[in-house]
Amino acid sequence: MDPQIADLARTAGTTMVTLMATQAWEAARDGVVALWQRFQPARAESVGDELEATREDLLLAREAGDEASEAELAAEWQGRLRRLLLARPEVAEELRRLLAELTPQLPQQPLIGEIHLRAEASGSARVYQAGRDQHITER
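In this text, all values refer to a predicted model and were calculated from it rather than measured experimentally. (Residues numbered from 1 in each chain as written. Predicted model: local features only at pLDDT ≥ 70, side-chain atom pairs only at ≥ 80, totals over all residues. Heavy atoms only, no water.)

Asks: I keep staring at the packing of helix 2 (residues 25-39) against helix 5 (residues 91-102) and nothing clicks. Help me out?
Replies: Working note: a packed helix pair is described by the angle between its axes plus the distance between those axes. The contact between helix 2 and helix 5 brings their axes to 11 Å, and the two run at 170°. It follows from the interaxial angle that helix 2 and helix 5 lie roughly antiparallel. On helix 5, the residues that touch A27, A28, G31, V32, L35, R38 and F39 of helix 2 are V91, E94, L95, L98 and L102. Of the residues that constitute the contact of helix 2 with helix 5, the class distribution is nine nonpolar, one polar and two charged. (Axes fitted to C-alpha atoms, helices over the stretch in contact; angles between N-to-C directions. Helix = DSSP H or I, 4+ residues; strand = E, 2+ residues; numbered from the N terminus. Parallel < 35°, antiparallel > 145°, perpendicular 65-115°, else oblique. Contact = heavy atoms within 4.5 Å. Nonpolar A, V, L, I, M, F, W, Y, C, P; charged D, E, K, R; others polar.)

Asks: Explain the pattern of salt bridges here, please?
Replies: Any two side chains of opposite charge can pair, given that their charged atoms come close. Scanning the model with the defined rule gives twelve salt bridges in all. Measuring nitrogen to oxygen at the nearest pair gives 3.2 Å for the salt bridge that ties R97 to E94. Residue R97 and its partner E94 are both found in helix 5; the two are separated by three residues, about one turn of the helix. Between R97 and E101 there is a salt bridge, with its nearest N and O atoms 2.5 Å apart. Residue R97 and its partner E101 are located together in helix 5, separated by four residues, close to a single helical turn. Residue E101 is classed as partly exposed on the basis of its relative accessible area, which comes to 45%. (Salt bridge = Lys/Arg side-chain N within 4 Å of Asp/Glu carboxyl O. Buried < 20%, exposed > 50% of the residue type's maximum accessible area, 1.4 Å probe, protein only.)

Asks: Just checking my understanding: could you explain the packing of aromatic side chains for this structure?
Replies: By convention here, two paired aromatic rings are described through the distance between centres and the angle between planes. Scanning all chains against the criterion turns up one aromatic pair. A ring pair is formed by W36 and W77, whose centres lie 6.3 Å apart and whose planes are at 85°; its orientation type is edge-to-face. With W36 in helix 2 and W77 in helix 4 (residues 67-87), the pair connects residues that are 41 residues apart, well separated along the chain. Take W36 and W77: they sit in the same class, and that class is buried. (Phe/Tyr/Trp six-rings, centres within 6.5 Å; stacked < 30°, edge-to-face > 60°.)

Asks: Just to check I follow, could you spell out helix 1 (residues 3-19) for this structure?
Replies: Think of an α-helix as 3.6 residues a turn; residues three or four steps apart then line up on the same face. Counted at 1.5 Å a residue, the expected span for helix 1 with its 17 residues is 24 Å, and the 24 Å between its end C-alpha atoms agrees. Among the residues of helix 1, those classed as buried are I5, A6, L8, A9, A12, G13, T15, M16, V17 and L19. Where helix 1 is buried, its residues contact helix 2, helix 3 (44-64), helix 4 and helix 5. Two or three places before Q4, at the start of helix 1, stands the capping residue D2, its side-chain oxygen 3.0 Å from that residue's backbone nitrogen. (Expected span 1.5 Å × (residues − 1). Polar contact = N/O pair within 3.5 Å; in protein donor to acceptor, adjacent residues only side chain to side chain.)

Asks: Quick question: what am I supposed to make of the side chain of R80 here?
Replies: With respect to the secondary-structure elements, R80 resides in helix 4. What makes R80 buried here is its relative accessible area of 18%.

Asks: Hey, could you run me through the environment of T22 in this one?
Replies: Note that T22 resides in the loop between helix 1 and helix 2. A relative accessible area of 19% places T22 in the buried class. A polar contact of 2.8 Å, which involves the side chain of T22, links it to the backbone oxygen of L19. In terms of polar contacts, T22 uses its side chain to reach the backbone amide nitrogen of A24, at 3.2 Å.

Asks: I would appreciate a short explanation of the environment of L95 in the present structure.
Replies: By the element assignment, L95 lies in helix 5. Sequence separation between L95 and L8 is 87 residues; the distance between their C-alpha atoms is 8.2 Å. Once you skip the residues sitting within four places of it in the chain, L95 turns out to touch L8, A12, L35, L81 and L85.

Asks: Just to check I follow, could you spell out the nonpolar core for this structure?
Replies: With 31 residues, the main nonpolar core has W36, L51, L85 and L95 as its most contacted residues. Elements supplying a minimum of two residues to this core: helix 1, helix 2, helix 3, helix 4 and helix 5. It is helix 1 that provides the largest number of residues to this core, a total of seven residues. (Core = buried A, V, L, I, M, F, W, Y, C linked by side-chain atoms within 4.5 Å.)

Okay, structure coming up:
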């Protein structure tokens, strides 16, 4: 699979689920349904219903503080969008345009305060520091 398609599906699925709990929800839902209407019209109505059901699940998960369920819902939509992109690659340009319209409406990450890092290393030691997520793969 083309890595760009996988990245686009991942970004779009996560963005959609994030927007489900915001005031931009209706615009996001309408945009996704319009994509399906244009490229797979027979599925458009059911996609709209699935988006509504996912939103209800998301709101319940957030109310319960269930981050795992929220991640599952995002993964579900990543898969659906990936399958649409694989079946109809021309969707990619439209999906990118929709994401560009919706991204400014994403909630901003709250600032968590100042982070002060200090490290000392000697010899052949290594120091890895991060103020947030850090992924290190050494082989």
